[in-house]
Amino acid sequence: MIKNPLYVYGDKETLKVPAHLNYGRHILDKFKTFKQAVAIINAESGEKITYKEIVQKAVDIALSLARIGVRKGQVVNVCSEKRMEFIPTVLGAICAGATYASSDVSCRNASFLYRINLSKPTVVFCSPTAYEDHRQSIKSVKSIEHIIIYGDKGIDNAMSFKEFLTVHADIEEFLAADVNGWEDVAIILQSSGTTGLPKGIKLTHLNLLLFLSDTGEKKEQRCGEVKTLITREWYHSYGFGHTIYAMYEGTTVVYCPRSEVKCFLEAIQKYKIQVMQLTPATVIDLVKSTILSEYDVSSLAYMVSTSTYFNAELVNAIRARFPNLQAAHQYYGMSEAGCVCSDILAPKGPKVGSVGCAGSGFTLKVVDLFTRKPLGPNQRGEICFKSSSLMLGYVGDDPVDYLDDEGFFKTGDIGYYDEDRYFYIVDRMKELIKFNSYQVAPAELEAVLMQHPGVANAGVAGAPDPECGELPTAFVVLRAGYEITPDELVRYVDEQVSHRMRLAGGVRIVDSLPMVPSGKLDRKLLKKILTESK
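This report concerns the structure included in the present document. (Residues numbered from 1 in each chain as written. Predicted model: local features only at pLDDT ≥ 70, side-chain atom pairs only at ≥ 80, totals over all residues. Heavy atoms only, no water.)

**Some remarks on empty space enclosed by the protein**
For clarity, the threshold we go by: Of the grid points, spaced at 1 Å and generated over the protein atoms alone, those admitting a 1.4 Å probe that cannot get out make up cavities, while open sets with protein on both sides within 12 Å along at least five of seven lines make up pockets; any residue with an atom within 4 Å of a point is treated as lining. Grid points are joined across faces, edges and corners, and a volume is the space filled by probe spheres set on the points. Runs of E in the DSSP output that reach at least two residues are strands. Runs of H or I that reach at least four are helices, and both are numbered from the N terminus. Classification used: nonpolar for Ala, Val, Leu, Ile, Met, Phe, Trp, Tyr, Cys and Pro, charged for Asp, Glu, Lys and Arg, polar for all others including Gly.
Enumeration according to the criterion identifies two cavities of 30 Å³ or more in this entry. Here the largest cavity is characterised by a volume of approximately 50 Å³. If you trace the largest cavity, you find it lined by Val315, Ile318, Arg319, Leu325, Gln326, Ala327 and Ala328. Mapped onto the lining of the largest cavity, the elements with two or more residues apiece are helix H11 (312-321) and strand E15 (327-334). Element by element, the count of residues in the lining of the largest cavity is highest for H11, at three residues. Classifying every residue of the lining of the largest cavity by side-chain character gives five nonpolar, one polar and one charged. Considered as a void within the structure, the second largest cavity measures approximately 40 Å³ in volume. Forming the boundary of the second largest cavity are Asn77, Ala101, Ser102, Arg115, Ile116, Leu118, Ser119, Ile188 and Gln190. For the lining of the second largest cavity, the element with the most residues is helix H4 (residues 109-119), which contributes four residues. The residue makeup of the lining of the second largest cavity, split by class, is four nonpolar, four polar and one charged.

**Some words on the pattern of salt bridges**
Put simply, the test is: Each salt bridge in this description consists of a side-chain nitrogen of Lys or Arg and a carboxyl oxygen of Asp or Glu lying within 4 Å of one another. Under the scheme applied here, a residue whose accessible area is under 20% of the maximum for its type counts as buried, over 50% as exposed, and between as partly exposed, the area being computed with a 1.4 Å probe on protein chains only.
All chains considered together, the criterion is met by 20 salt bridges. In this structure, Lys139 engages Asp156 in a salt bridge whose closest nitrogen and oxygen atoms are separated by 3.1 Å. With a gap of 17 residues between them, Lys139 in helix H5 (residues 128-140) and Asp156 in the loop between strand E7 (146-149) and strand E8 (159-160) connect regions that are remote in the sequence. A relative accessible area of 43% places Asp156 in the partly exposed class. Salt bridges sharing common partners tie together Arg25, Asp29, Lys32 and Glu172.

**Quick notes on helix H12 (residues 442-450)**
The α-helix advances 3.6 residues per turn, and as a result positions three or four apart in sequence lie on the same side. For H12, the buried fraction is high: seven of the nine residues fall into the buried class. When H12 is considered as a whole, its buried residues turn out to be Pro442, Ala443, Glu444, Leu445, Glu446, Val448 and Leu449.

**Re the side chain of Lys82**
For the record, the criterion: Whenever a nitrogen or oxygen atom comes within 3.5 Å of another N or O atom, the pair is scored as a polar contact, on the condition that within protein one atom can donate a hydrogen and the other can accept it, and that pairs from neighbouring residues in sequence are kept only if both atoms are in side chains. Contacts are residue-level and defined by heavy atoms, with any inter-residue pair within 4.5 Å sufficient.
For Lys82, the position within the fold is in the loop between strand E4 (75-79) and helix H3 (86-95). In terms of polar contacts, Lys82 uses its side chain to reach the backbone carbonyl oxygen of Arg232, at 3.4 Å. Contact partners of Lys82, with chain neighbours within four places excluded, come to Ile230, Thr231, Arg232, Glu233, Trp234, Tyr255 and Cys256.

Rendered as structure tokens:
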């Protein structure tokens, strides 16, 4: 075969995976080498857990799951905010041969129920707070056989974590369940996909092992030498993935239970944080903070971000407020495949506005939006890629929905690469709304609105906003005889969804909605109306 000169090829020589292809076993084996080094710190309480303690707890969880009958092919859901039991539970479930599924506890009612039903879990681990918030939804899921509450006390008929964790074994005697790493699903993450309602992303053991594969030589560091502040929740793929990757390198991970700028600054000062994982929205909050000067942030050397991208003005503002910052790294990645592009090991260093070069094992192309023909440097089109790390698929979806005729994944992102093979993202084909670095599915908000008895029809699009990216905005047709104010509908939606999905752009009452010839809602026209009205 001959390389296509219009394709961009990432390095393939450094990809290494263990022969057993068991993700859980590989992570535990790695953590064992870090022994008594501190793995995780709760910045607020000071609570700590070592790598050895994480391994031991994961082993005991795996064996306790086996005791209650959990086996390969079943799903274990974790419904919790960040806490010490979270990571060991995920690793224990995977080592037991089960599949871990994430659960976004910030969602509410119908939105939460839809998500948890995607994976049909057999067992659900809940924090007391999450259980109180979602008690009725969790109880209504027919597939759930066991509910386990973190802590010493159970709630209702659910057993406590202390009651559940009854099997203990020497970590050197433990053997993770056998898996077929290329086809057995280790994790199901949640994503909005390219359009419509959230999707369940099926990642095999091999997919996840490739997520960890090196993209080049790293500087040797002593275990526990680096402290990383994680600002994202672990039920989000970015928060979980970056945390595991940092721990894989022996980093001490610090987290804040509250996602507030003041908490982040206190953690940086107290724990001498060197690396901070965040999104551009959090960067903007830090740059604009009126209290930043009250804290010693001199230890912070690196910021790592994904989602929307830093422009030159923001990069300059970051450097002005964090004078010791060496670099603000940007990733272009997705839950479906891991890190597609990165500027960390780009041959000519970071370029402002670029997301870097093709990741290890990736083949990328940019195609014309209409002809689908590959394009050359500095020509804009849809970015598509191939990689062995690409997910097994979406739950219930046909691959033809997201792969082209060459097997490339269609990202829905519009961008280009330059003469040095650096990639740039300039727009999105997707109907998803990018609000404060979150992907908000218009169809999900529309579905919530349509549950209101006074709503006849609804359409949601993003109104351009310089700080938040886009503001979810609803166009609503009322049923005859109903008098409802826009504010009432905003409050109604707020009660059903998470804060990150709220109708921040408000509601507009209209007589009708635009439709395409096929009868579907024309969201592009709604977005055009919002853009032109700015």
